[in-house]
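A look at the structure
What follows is the residue order along each chain.
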Amino acid sequence: MPDDSIKKAPNFIRNIIRKDLETNKWDGRVQTRFPPEPNGYLHIGHAKAICLNFGLAREFNGSCNLRFDDTNPLKEEEEYIHSIIEDVKWLGFDIEGHVFYASDYFQQMYDYAVELIQKGLAYVDDLTADEIREYRGTLTEPGKESPFRNRSAEENLDLFIRMKNGEFPDGSKVLRAKIDMSSGNINMRDPVMYRVLHASHHRSGDQWCVYPMYDWAHGLEDSIEHITHSICTLEFEDHRPLYDWYLDALKIHHPQQIEFARLNLTYTIMSKRKLLQLVREGHVNGWDDPRMPTISGMRRRGYTPEAIRSLAERIGVAKRDSMVDMALLEFCVREDLNKNAPRYMGVLNPLKVIIINYPDHCEHLDCVNNPENPESGTRKVPFSREIYIEREDFREDPPKKFFRLAPGREVRLRYAYFIKCVEVIKDKKTGEIQQIHCTYDPATRGGDAPDGRKVKATLHWVSVHHALSAKIRLYDRLFTIPDPGNAEKDYLEYLNPGSLKTVEARIEPSLQGIEPGTRIQFERKGYFCVDSDSKDHRLIFNQTVTLRDTWAKLEQKK
RNA sequence: UGGGGCGUGGCCAAGUGGUAAGGCACGGGGUUUUGGUCCCCGGAUUCGAAGGUUCGAACCCUUCCGCCCCAGCCA
């Protein structure tokens, strides 16, 4: 229901499902699944797949299984299972209280393998891994048959049972499907179904010492769960004939596999291996570092589930390789946060202003919490003779089109008064501006001039003696080039050294006690999220994204 | 020289024989107590290229060109 506002564009998978519903191909059912391997954290690319699978199920009154494809105990860990479940839920999808595991089907998969052996469609091969590779042939040359290919069903069954019973060492034998060693599709050249692995599985423990390969296992998982549409990424297109072959050989429920192009985003990487390397080598501070394209990283950064779902809908679903502009993600984030994030004032790089004709006292001014949502009300913010403004909001020698404060110029302090700069105080040695003196017009209280005079800029501010200190982390793109994963040099060469900058900011006192995870806007600066490490006595904010800044863009052009 | 896919504006992407949706980005204008938001307006004589079929083609046919994936006992 949270997605009613997001317009659904047609895509080829939705079209297939519509047609299937019309023809009653699956008795009106839509059953999808999201099948991650628990060997890493989910990233924005997975989010696309999650939105697709869960979204389609929701749209057509079907359901979607969160299923762990945990068939390789060597790479999988419990930790990843927890993070994946958390991420799927956070994205706003309902797993209906069930989590599915491929490992729960190990016995049934084994039984099906026995069936194939009995049908003469699978055999135990004693070739070594190297030999299997040699026998496989190449992309242009056909492979050749293993000398063990024509063992009797009885012998194969005996051997396979003994493989399962742990009689053979790792790597000594495999079970293979007997298909076609000369197929142009390498996946069909007698693919391995089972390997011997004396490894402890995070769920099934030491119960098994043969583990199924992806192609064999995946179709069975789908079949067992009565999946109707098995949606996966493009690289599995070549595997579809094998997916079909296994299910046809067994004559069991046979879902339709449909492939779509995975998501690529500019200025980041999506490879699990590379993401893991960034974490392990300390280039970032963990999987949930706000610079990471992981769901946990984006959550900590302040991105919302709504924004990510909106992105997934806007980018569409197709079969061509593409590279989505990070600007689109940022747009989605701003779109959501603009509507929902309460506004506050915070000065990231303070410059002291003394209002010389303002009395030595304090008054509390009304500030609107969110102009996009009048119901969010107002709050009082203390104002006094000494305030901070943003250093970049003052120019002693303003360039053309710079509307902000400058000597002799009048601007508005948001929700406060008009002030005019009358003096600039500089450090005699360095020439650095230390503070500026202004006068204010008492008649403009609240920010409106009764005489109707206009001012070209409105500045945010904070009272020196009331302000809180806060640590603010400013994030920029993790990499310096759009496609670091496919560049000349190693992707690590393109890490952006300025991707994280920390500043000590002065912020309005109403932020005292704000809860970790809260998303706000610092007016005129951007959206920020209270970090999970933030404490009442030590507030920490992560910059989610800046506001659109046409002035900065103008200046950059020069 | 094998097999499987894909080519529509800067980035995504609808469209599947009737004369190029939409979004982001970009540019221009308006409103504005955030140079934010919001609101207008602007853009492909053209759909990888060349032929062909047709009254009519991005959609059908042919050839060519380009890009991606596949030779794990990973998923």
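So, here's what we can say about the structure. Values in this document were obtained by computation on a predicted structure and should not be read as measured data.

Topic: the overall build of chain A
- Across its full length, chain A holds 13 helices and 25 strands.
- With the C-alpha coordinates aligned to their principal axes, the bounding extent of chain A is approximately 100 × 55 × 40 Å.
- Across the 558 residues that make up chain A, the buried fraction comes to 53%.
- Surface accessibility of chain A: about 25,600 Å² in total, with carbon and sulfur atoms responsible for 47%.
- A gap of 7 Å separates the mean positions of the 80 positive and 87 negative side-chain charges of chain A.

Concerning the protein's contact with RNA strand B
- As a matter of local geometry, RNA strand B sits amid 70 residues, with Arg 343, Arg 404, Arg 414, Gly 446 and Thr 550 nearest to it.
- The sugar-phosphate share of atoms of RNA strand B within 4 Å of the protein amounts to 65%.
- At 3.4 Å from a sugar or linking oxygen of RNA strand B is found a main-chain nitrogen or oxygen belonging to Asp 325.
- Contact distances for RNA strand B include 2.8 Å between a base nitrogen and a backbone N or O atom of Lys 401.
- For the surface near RNA strand B, the elements supplying multiple residues, two or more each, are α5 (129-135), β6 (192-196), α11 (305-315), α12 (326-340) and α13 (550-557).

A word on the side chain of Thr 233
- Relative to the assigned elements, Thr 233 resides in strand β8 (residues 229-233).
- Residue classification places Thr 233 among the buried residues on the basis of a relative accessible area of 14%.
- In terms of polar contacts, Thr 233 uses its side chain to reach the side chain of Glu 235, at 3.0 Å.
- Aside from chain neighbours lying at most four places away, what touches Thr 233 is Glu 259, Phe 260 and Arg 262.

Rules behind the numbers
- Residues numbered from 1 in each chain as written.
- Chains lettered and ligands numbered in written order.
- Predicted model: local features only at pLDDT ≥ 70, side-chain atom pairs only at ≥ 80, totals over all residues.
- Heavy atoms only, no water.
- Helix = DSSP H or I, 4+ residues; strand = E, 2+ residues; numbered from the N terminus.
- Buried < 20%, exposed > 50% of the residue type's maximum accessible area, 1.4 Å probe, protein only.
- Areas by Shrake-Rupley, 256 points an atom, 1.4 Å probe, with all protein chains shown as cover.
- Lys, Arg positive; Asp, Glu negative; His and termini not counted.
- Charge placed at Lys NZ, Arg CZ, Asp CG, Glu CD.
- Near = heavy atom within 4 Å.
- Polar contact = N/O pair within 3.5 Å; in protein donor to acceptor, adjacent residues only side chain to side chain.
- Contact = heavy atoms within 4.5 Å.

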